Each structure stands twice: as structure tokens, then as C-alpha cells.
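Below, each chain spelled out in residue letters.
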Amino acid sequence: MRILPITTLAILGVLSAGASPAVAYVGPGAGLSAIGSVIAFLGVIGLIILGFVWYPFKRLLKGRRAGAAANKDNADETQ
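Residues numbered from 1 in each chain as written. Predicted model: local features only at pLDDT ≥ 70, side-chain atom pairs only at ≥ 80, totals over all residues. Heavy atoms only, no water.

Student: Can you tell me about the overall build of the protein chain, naming the residues and giving the values?
Tutor: Per the secondary structure count, the protein chain includes 2 helices and 0 strands. For the protein chain, with 79 residues in total, the buried portion stands at 3%. With an accessible surface of roughly 7400 Å², the protein chain has 72% of that area assigned to carbon and sulfur atoms. (Helix = DSSP H or I, 4+ residues; strand = E, 2+ residues; numbered from the N terminus. Buried < 20%, exposed > 50% of the residue type's maximum accessible area, 1.4 Å probe, protein only. Areas by Shrake-Rupley, 256 points an atom, 1.4 Å probe, with all protein chains shown as cover.)

Encoded structure:
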């Protein structure tokens, strides 16, 4: 079972050793666009995590506050 990963790594090593470096130029417009896209993507991931974690927690807290207020109102009415 361990032979497969070692063989795969050896093949990838041989293939990457024979690759020539890419001669490419990324201009300032394309570079800033790429950086902006990465920052936007990370922001979206952060907002997704915030939405799945914070909003249900916020709803839970709101429900507890409403329940505590209702219990207080019931206690005031009985006195």
C-alpha cells in the first residue's frame, strides 16, 4: 500500500525536473486584479463562516432574551 505514494512522488519529481520555467509577465493591472480577486474570495469565505456561525448564535441569544422578558412579565402579573 505504501508503494503507490512513493511511486507517484517519484513520477512527479521526474516530470517537474524536466519542465522549463515559464517566461511570463504579469502587468500591474492584471496583478492588482488578481490580488483583488483573492482578497474578495477570502472575504466571501469569511462572510460565509460568519453567516453559518454568528447568525444562529444571535438568534439563540435573542430567543433567550425574549424568554427572560416573558418570564419577568409573567412574574410581575402574578404579584
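Having seen the model, we can carry on.
Student: Give me the lowdown on the packing of aromatic side chains, citing residues and values where you can.
Tutor: One pass over the structure, following the stated rule, counts 1 aromatic pair. Ring plane angle 50° and centroid distance 5.9 Å describe the contact between Trp 54 and Phe 57, whose orientation is recorded as tilted. Here Trp 54 pairs with Phe 57, and both are found in helix H2 (residues 28-78), just 3 residues apart, close to one helical turn. Of the residues examined, Trp 54 reaches a relative accessible area of 39% and is grouped as partly exposed. The class of Phe 57 is partly exposed, set by a relative accessible area of 41%. (Phe/Tyr/Trp six-rings, centres within 6.5 Å; stacked < 30°, edge-to-face > 60°.)

Student: Give a detailed account of a nonpolar patch on the surface, specifying residues and quantitative values.
Tutor: A cluster of nonpolar side chains, Val 38, Phe 41, Leu 42, Val 44, Ile 45, Ile 48, Ile 49, Phe 52 and Val 53, forms an exposed patch at the surface whose accessible area comes to about 920 Å². Relative to the helices and strands, Ile 48 resides in helix H2. A relative accessible area of 42% means that Ile 48 is categorised as partly exposed. (Patch = residues over 30% accessible without salt bridge, like charges linked within 9 Å, V, L, I, M, F, W, Y side chains within 5 Å. Salt bridge = Lys/Arg side-chain N within 4 Å of Asp/Glu carboxyl O.)

So yeah, pure geometry; function would need other evidence.
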